[in-house]
Structure formats: C-alpha cells, structure tokens
Amino acid sequence: DTKVYDYEKNLKKETNMKKISRIITCLVPILLLNLSACQPQETISPPVELETSDSYLLGVDLSAFNHVEDWSKMKNAGIRFCIIRLGYRGNTTAQLRLDDKAIEYIQSAQKNDMHLGLYFFSTAITKEEAEEEAQFVLDSIGNLTLDFPIFIDCEFTSERNKRSDYLNKEQRTTVAKSFCEYIKNHSSYRAGIYSNYHFFLNNLNIEELTDYTLWLAHYKKIDTLMEKSDFQYPYSFWQFTNKGKVP
C-alpha cells in the first residue's frame, strides 16, 4: 500500500493522554513512500523532530500488559501500525500460549486499517523448540495478512533465572536463526528479531542475523526522536521509549 499519510501536529501533547507502555518508530526512505515495507535505518537521515512525518511511521507494541480504550483516537493521534504479541512460551512450564489480548488487538488493528506485525516471546532453549514456536505462530494466524514481519522476542525473563536465561551467545543465536528460518521456509511472511540494545550486542552474534529484520529497543535519556540511537547495525524498527502516550 503506497500512501501518503496526514500526521497530526499534536503528537507531543499530553493533555488527556493515557499511557501505552512502548512506542516504536518504523523508519522508511522518504522517496519510496512505501509505508508497508520498512527499510534499513542507514538508508535515510534521522528525523530531526517528532513532526517530521514523511520520514517515519509511529507505531505501538501491544500485549495483554497494555490497555487501549479507543483505537480511533489512537489512530487520530498519529499511530499508524501495531506490532502485537501473539503469544509466548512459559518460563517454567515451557507451554506455548496465546497472549490474552492477541485476537482482540489483531481484530481492532484490522478494523482501524492499521499496518500490522506480530511477535512471539521466546524462551526456547533448542533449535527444535524455536521451530515449534514458529509453527505455533503459523498455526495460530492461518492466512492472516501482515504488513510487517513476524518477530521472535529475544531477551531475559524478568526473573533472569528461567529456562532461556542460561543460554550462551551461540545458543541464543541458534534459537533466533531457527525461528526466523522456519518462518521464511514455511510461509510467505518475513521474519525478524526483537531485542534491546545491550542484548543484541552482548547476547547474540548479530553478524549472523543481519538477513532478518531487526527491531531495536533503545531508550535514550530524552524520549524523543531527536536523539538518534548509536546502534551500529542496520535496523528497521526503533523502539525509542517505554513512556509513550496516546489518547
């Protein structure tokens, strides 16, 4: 879908705003105007202010931990896409589960004509478990139309003492690659990897993952697009704050 969107000027206003835990920016080349396909960050100049709407799309990361009261207001505030947690593997039981809000949020995103991507929180510890997670995603979504990739969420658990927390860098890289390759080889969807700045650099062999779409979480001191991330590898999605607010 090649479209030029009108971005409202009130994205910085906080009057009557309610918190959504994470806001992401999808960086796109200005000239292509192909807002359904993110391109590597290094191909464009960074936006200099929040209202530089012809160089990026604003989106949100949503899961059962977030609550959206009015999707139309969120869209009117300038949010153009959602990446929704489809599911997760249990930290101790290793069971695969759908996110409690996944179906509701997917349907709401479709109803409000938002671009859509998905992610799965992984605690896989082997190649086989990573492939099992990928198949779970594919079985769960059927022929769902997605604009953005299916991401594997690679990070520590909150307790930092659960299944995947003990993997070394090579094992974690194998899990991430196995999930992405399975998505690519068994569907028409694109595959990607979500993680934060330090996890990408310290816990994954990122040189082996550049064939996949990277979604970077890097929260700067100032939660704004004016301060560019210094992440050295190409990425398409930049999650720049966990303090985003929409109506």
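Residues numbered from 1 in each chain as written. Predicted model: local features only at pLDDT ≥ 70, side-chain atom pairs only at ≥ 80, totals over all residues. Heavy atoms only, no water.

A.B. asks: How do you make sense of the overall build of the protein chain when you look at a structure like this?
C.D. replies: Within the protein chain one finds 5 helices and 11 strands. Here the protein chain holds 247 residues, and 54% of them are scored as buried. (Helix = DSSP H or I, 4+ residues; strand = E, 2+ residues; numbered from the N terminus. Buried < 20%, exposed > 50% of the residue type's maximum accessible area, 1.4 Å probe, protein only.)

A.B. asks: How do you make sense of unusual backbone geometry when you look at a structure like this?
C.D. replies: Backbone geometry places alanine 94, a non-glycine residue, at a positive phi of 65°. As for its position among the elements, alanine 94 is in the loop between strand S4 (79–89) and strand S5 (96–98). At aspartate 113, a position not held by glycine, the phi torsion is positive, near 55°. In this fold, aspartate 113 is placed in the loop between helix H2 (102–111) and strand S6 (115–121).

A.B. asks: Which parts of the structure should I look at to understand the pairing of S4?
C.D. replies: Burial analysis of S4 places 10 of its 11 residues in the buried class, the great majority of the element. The pairing of strand S3 (residues 56–62) with S4 spans 5 bridges and is classified as parallel. If you follow valine 60 over to S4, its bridge partner there is cysteine 82. Of the strand pairs in this sheet, S4 and S6 are connected by 7 bridges, and their pairing is parallel. Bridge assignment links cysteine 82 to a residue of S6, and that residue is leucine 116. Both S4 and S5 contribute to a ladder of 3 bridges, which runs antiparallel. Across the sheet, tyrosine 88 pairs through a bridge with arginine 97, a residue of S5. (Pairing = 2+ DSSP bridges.)

A.B. asks: Looking at this structure, how should I read the pattern of salt bridges?
C.D. replies: Two side chains carrying opposite charge are able to pair once their charged atoms lie near each other. Scanning the model with the defined rule gives 8 salt bridges in all. For glutamate 132, the salt bridge identified is with arginine 89, shortest N-O distance 2.9 Å. Placement of the pair is glutamate 132 in helix H3 (residues 127–141) and arginine 89 in strand S4, with a sequence separation of 43 residues. A relative accessible area of 41% places glutamate 132 in the partly exposed class. Residue arginine 89 is classed as buried on the basis of its relative accessible area of 2%. A salt bridge links lysine 101 to glutamate 104, with the shortest nitrogen-to-oxygen separation between them at 3.2 Å. Accessibility expressed as a relative area gives 23% for lysine 101, which makes it partly exposed. On the basis of relative accessible area, glutamate 104 is assigned to the partly exposed category, the value being 37%. Linked by salt bridges that have partners in common, Arg89, Glu132 and Glu133 make up one network. (Salt bridge = Lys/Arg side-chain N within 4 Å of Asp/Glu carboxyl O.)

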